[in-house]
Amino acid sequence: METITTLTEKIIRKLEEQRHTITFAESCTGGRIAAAFTAVSGASAVLDGACVTYSNEIKHRWLGVSNDVLQTHGAVSEACVSQMLDGIIKMSDADYAIAVSGIAGPTGGTPQKPVGTVYIGLLTPQTKEIHHCLFEGDREAVQKQSTYFSIEILAGLLKI
């Protein structure tokens, strides 16, 4: 398994070669994906900005997640992450986007959505896909796994 730094460096190089940009809309990861990218020198060639949209109100106001989706499906849902992707792409005009929303714990879980439930969405020029994940461990472990899996999925989509 490659380190997050190695994968991120490869992604940045590939996006730069393609003259593509990327952006992120993060909730439960709290900016960790953006931090993984900005830890690499040269990230500014592909990353103009990102958002941490932790509250439902900010998801709605900044990213345009509908109140209907938030009330009907909740912030931790495929529908919410899909709208987060649409909103961050509209805001940034990037070519690629990652959006993440989940329950890192230790509180907030329910029988239907236990702690560790995370939705990870990726938007590319060709596709949009959303993954429903259930990670194990404490809050930090859920956040780290969500961050790594997001970057790993992107690397796979870029054929790295």
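See above for the structure.
Since the model is a prediction, treat every value here as computed from it, not as a measurement.

(A) Region of interest: the nonpolar core. Formed by 31 residues in total, the largest nonpolar core has its most connected members in Ile11, Ile22, Phe24, Phe37, Ile120 and Leu154. Of all the secondary-structure elements, those providing two or more residues to this core are helix 1 (4-18), strand 1 (22-26), helix 2 (32-38), strand 3 (96-102), strand 4 (117-123) and helix 6 (139-157). A per-element tally of this core places helix 6 first, with six residues. Setting aside residues no more than four positions away along its own chain, Ile11 makes contact with Phe37, Ile151, Leu154, Ala155, Leu158 and Ile160. Formed by 20 residues, the second largest nonpolar core is a distinct cluster that contains Leu63, Val76, Ile88 and Tyr119.

(B) Structural detail: the sheet that holds strand 3. What the five strands build is an open sheet, ordered 2-1-3-4-5; its pairing is mixed. Because the sheet does not close on itself, it has two edges, and the strands there are strand 2 (51-52) and strand 5 (128-134). Here strand 1 runs beside strand 2; their pairing, made up of two bridges, is parallel. Paired with Glu26 across the strands is Val52, a residue of strand 2. Its contacts with the sheet put helix 5 (residues 78-92) on strand 1, strand 2, strand 3, strand 4 and strand 5, and the angle it makes with strand 3 is roughly 140 degrees.

(C) Geometry of unusual backbone geometry. Going from Gly105 to Pro106, the amide bond is cis rather than trans, its omega being 0 degrees. Tracing the chain through its elements places Pro106 in the loop between strand 3 and strand 4. Phi at Arg19 is positive, roughly 60 degrees, even though this residue is not glycine. Its location among the elements puts Arg19 in the loop between helix 1 and strand 1. Although it is not a glycine, Asp93 adopts a positive phi angle of roughly 60 degrees. Among the structural elements, Asp93 can be located in the loop between helix 5 and strand 3. A relative accessible area of 67% places Asp93 in the exposed class.

Basis of the calculations
- Residues numbered from 1 in each chain as written.
- Predicted model: local features only at pLDDT ≥ 70, side-chain atom pairs only at ≥ 80, totals over all residues.
- Heavy atoms only, no water.
- Core = buried A, V, L, I, M, F, W, Y, C linked by side-chain atoms within 4.5 Å.
- Buried < 20%, exposed > 50% of the residue type's maximum accessible area, 1.4 Å probe, protein only.
- Helix = DSSP H or I, 4+ residues; strand = E, 2+ residues; numbered from the N terminus.
- Contact = heavy atoms within 4.5 Å.
- Pairing = 2+ DSSP bridges.
- Axes fitted to C-alpha atoms, helices over the stretch in contact; angles between N-to-C directions.

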